[in-house]
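Overview (structure and organization)
Residues per chain are reported as follows:
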Amino acid sequence: MSKFKIPVHTVHSGILQENAVMLGDKIMKKLKIPAHGTIQLTFGSFRQDVAVIPVPKSDSLRLSEGLARRMGLRQRLTLGASYSSGSRILRLGPLIGVLVSRDHPANPERVFGQITMFCRELTNACHAQGAYVYFFTPEGLEARSTSVQGWVYDEGWRKLSLPVADVINNRLTTRKVENKPSVQHFLADVKSRYGTHFFNEKFLDKTEVFEALAHDPALQRYLPESHAFNGFAILKKMCSSYHSVFLKPVRGSLGKGILRISKAEGGYQLLSTTPLGTRKQVYPSLAKLFQSVAPKMKTTRYQIQQGLPLMELGRRPVDFRALVQKNGTGKWGVTSIVARTAGSNHFVSNLARGGTLSTLREAISKSSLPSGVKESTQLQLPRAALAIARGVETHIPAHFGELGIDLALDQSGRVWLLEVNSKPSKNDNTPLNDQKIRPSVKQMILYCRYLAGF
């Protein structure tokens, strides 16, 4: 099967019948398409038998306005193409769908809220790389899963009826929406009916990740001691083993709800995250502290984790976010690693809590790590991130194409895993830039091309 990229144009319906295509003879020769007769044109879930009209000295594909409209295509673009002579099918693609939580049709400048710029960037990158992308919400799903109401960008955002994509990236931001019966039915249906690939298909919770990776001897050295927090006994055991422990909501994000417990003069100190900074409380005994946090356990599941003496910059703790993505051959690679320094009056480093970003090299060079350790840590962090991504894929039954892996260095330079995020932020690795396509966006498209066979 031959495959390469071809320019696709739309022509007036008066010039070309709706179920016919004008195909340049150069393409027909490369793809070995017969000069006369009918072939099937496919684009995602779209299927249409079309008559082929050869065009001399041309290397493009021309579609009628009506046919282009039914395919959801804009005026002029480049797409991957492949032809199977046995089945006489000409495939165009890849068609990529991004499933997002919500849209705001009344606000065309920010139709997807904070990720609107990322959506524009992904659209531009697809246009440059010979792919086509649209964005849709659970409300855009149609009952029979044969098409989707989605958004495309063409001199402004437009909502169209579009074919089901070859590949869907799950960017839903809440478990409640992800677990809706309509969403789960759609995904199961399009996987079985069209062979649609769906990646980052589920949220991860912290206990699930640590319990799964604990079975892998090669990864155990990265794992701080962690347990499901189920009562006073485990709190007492962990506090007798470590100077500090963390309680983290199993399904939390952005540093919300994290508690730090440590021994203090006169008893035990509890630090909690709030939008305004860190709240500090001291209790005369661990039992009294437990009484104050126990009500939270009735509504939220927590993980208890060994506290680590983290590397610091200016007496502020630092951790590292590695973005690990699959590439154009389906293999994991580290796209970026950034250092995140906690904001003043905070003990977590999330940007939502006032944290700041710096490069890996800059953070390590300014740190108080022993000089002999500084060089080796810059190799150890990406190595650990890759090993953990492979471990998640091996031990957790779900399809992931990118992971945000939060790592830490302790004050001796040892690497530790803090968290794995299956919906990594698109603003955490490098700043958005109107002119420049970030490597993370290019990598995602390469993986989509690989999955779709383009």
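Owing to the predicted nature of the structure, the values given are computational and were not obtained by experimental measurement.

Before going further, it helps to spend a moment on unusual backbone geometry. Residue Gly93 is joined to Pro94 through a cis peptide bond whose omega torsion reads 0°. Checked against the element boundaries, Pro94 lands in the loop between strand S7 (89-93) and strand S8 (95-99). Not every positive phi belongs to a glycine, and Glu155 is a case in point at roughly 55°. You can see Glu155 is positioned in the loop between strand S10 (147-153) and strand S11 (157-163). What makes Glu155 exposed here is its relative accessible area of 80%. The phi dihedral of Asn200 falls on the positive side, at around 55°, and the residue is not glycine. Positionally, Asn200 belongs in the loop between strand S13 (197-199) and helix H6 (206-213).

Scanning all chains against the criterion turns up 12 aromatic pairs. Look at Phe136 and Phe186: their rings are 6.0 Å apart centre to centre, the planes differ by 65°, and that puts the pair in the edge-to-face class. Here Phe136 is found in strand S9 (residues 132-136), whereas its partner Phe186 is found in helix H5 (residues 181-194), with 50 residues between them in sequence. An identical accessibility class is assigned to Phe136 and Phe186; each is buried. Centroid distance Phe229 to Phe290: 6.3 Å. Interplanar angle 85°. Geometry classified as edge-to-face. Taken as a pair, Phe229 in the loop between strand S14 (226-228) and helix H7 (232-241) and Phe290 in helix H8 (residues 286-297) lie far apart in primary sequence, 61 residues in all. By the burial criterion, Phe229 is buried, and Phe290 matches it.

The subject of this paragraph is the pattern of salt bridges. What the rule picks out here adds up to 19 salt bridges. Glu402 serves as the salt-bridge partner of Arg171, at 3.8 Å between the closest nitrogen and oxygen. With Arg171 in the loop between strand S12 (167-170) and helix H4 (175-178) and Glu402 in strand S24 (residues 402-409), the pair connects residues that are 231 residues apart, well separated along the chain. Judged on exposure class, the residue Arg171 and its partner Glu402 are both buried. Glu362 is paired through a salt bridge with Lys366; the nearest N and O atoms lie 3.2 Å apart. Taken together, the residues Glu362 and Lys366, both in helix H9 (residues 360-366) and four residues apart, mark about one turn of the helix. Through salt bridges with shared partners, a single ionic network connects Asp319, Arg321, Arg340 and Asp406.

What follows is about helix H3 (residues 116-129). Each full turn of the α-helix corresponds to 3.6 residues, which orients residues three or four apart in the same direction. With 14 residues, H3 extends 20 Å between its outermost C-alpha atoms, agreeing within 8% with the 20 Å of an ideal straight helix rising 1.5 Å per residue. Looking only at H3, the buried set comprises Thr116, Phe118, Cys119, Glu121, Leu122, Thr123, Ala125, Cys126 and Gln129. Immediately beyond the C-terminal end of H3, within one or two residues, lies Gly130, with a positive phi of roughly 80°.

A few words on the sheet that holds strand S15 (residues 244-249). A sheet is described by the order of its strands in space; here six strands give the open sequence S14-S19-S15-S16-S17-S18, paired in antiparallel fashion. Strands at the two margins of the open sheet, each flanked by one partner only, are S14 and strand S18 (277-283). Each strand axis lies, on average, 20° off the axis of its neighbour in the sheet, ignoring direction. Bridge analysis of strand S16 (residues 259-264) against strand S17 (residues 267-274) gives six bridges, and the strand direction is antiparallel. Paired with Ile261 across the strands is Leu270, a residue of S17. Against the sheet, H7 touches S14, S15, S16, S17 and strand S19 (302-306), its axis set at about 20° to S19.

A separate point is the side chain of Thr123. Following the sequence through the fold, Thr123 ends up in helix H3. Those residues in contact with Thr123, other than ones at most four positions away along the chain, are Arg74, Val133, Phe135, Tyr153 and Trp157.

With respect to burial, S9 is a largely interior element, five of its five residues being buried. Side chains Tyr132, Tyr134 and Phe136 project from S9 onto one buried face, and the interleaved Val133 and Phe135 project onto a second face that is buried too. Sheet topology note: the S8/S9 ladder contains five bridges and is parallel. Across the sheet, the residue bridging to Ile96 is Val133, located in S9. Handedness of the crossover is the feature at issue here: the chain leaves S8, passes through H3, returns alongside S9, and the resulting connection is right-handed.

For helix H11 (residues 439-452), which comprises 14 residues, the first-to-last C-alpha distance of 20 Å matches the rise-based estimate of 20 Å (1.5 Å per residue) to within 8%. Three or more residues of H11 are buried, namely Ser440, Val441, Met444, Ile445, Tyr447, Cys448, Arg449, Leu451 and Ala452. Gly453 lies just past H11 and shows a positive phi near 85°.

With that settled, consider the packing of H7 against H8. For any two helices packed against each other, the geometry comes down to the angle between their axes and how far apart the axes lie. One way to put it is that H7 packs onto H8 with a least axis distance of 11 Å and a crossing angle of 130°. It follows from the interaxial angle that H7 and H8 lie oblique. Judged by the twist between their axes, the crossing of H7 over H8 is right-handed. Of H8, the residues touching H7 (which contributes Phe232, Leu235, Lys236 and Cys239) are Leu286, Ala287 and Phe290. Counted by class, the contact of H7 with H8 contains six nonpolar, no polar and one charged residues.

Turning to the nonpolar core, a few remarks are in order. Grouped burial of nonpolar side chains is what soluble globular proteins tend to show. Judged by nonpolar contacts, the single largest core of 45 residues is most densely connected at Leu41, Phe43, Leu63, Met71, Leu73, Leu92 and Phe186. If we skip the residues at most four places from it in the chain, Leu41 touches Val21, Phe46, Arg47, Gln48, Val50, Leu63, Leu67, Met71, Leu90 and Leu92. In terms of nonpolar packing, the next biggest core, distinct from the first, is built from 38 residues, Leu204, Leu403, Ile405 and Leu409 among them.

About the thresholds
Residues numbered from 1 in each chain as written. Predicted model: local features only at pLDDT ≥ 70, side-chain atom pairs only at ≥ 80, totals over all residues. Heavy atoms only, no water. Helix = DSSP H or I, 4+ residues; strand = E, 2+ residues; numbered from the N terminus. Buried < 20%, exposed > 50% of the residue type's maximum accessible area, 1.4 Å probe, protein only. Phe/Tyr/Trp six-rings, centres within 6.5 Å; stacked < 30°, edge-to-face > 60°. Salt bridge = Lys/Arg side-chain N within 4 Å of Asp/Glu carboxyl O. Expected span 1.5 Å × (residues − 1). Pairing = 2+ DSSP bridges. Axes fitted to C-alpha atoms, helices over the stretch in contact; angles between N-to-C directions. Contact = heavy atoms within 4.5 Å. Right-handed = clockwise from strand over helix to strand, strands pointing away. Parallel < 35°, antiparallel > 145°, perpendicular 65-115°, else oblique. Left-handed = near helix turned anticlockwise from the far one by under 90°. Nonpolar A, V, L, I, M, F, W, Y, C, P; charged D, E, K, R; others polar. Core = buried A, V, L, I, M, F, W, Y, C linked by side-chain atoms within 4.5 Å.

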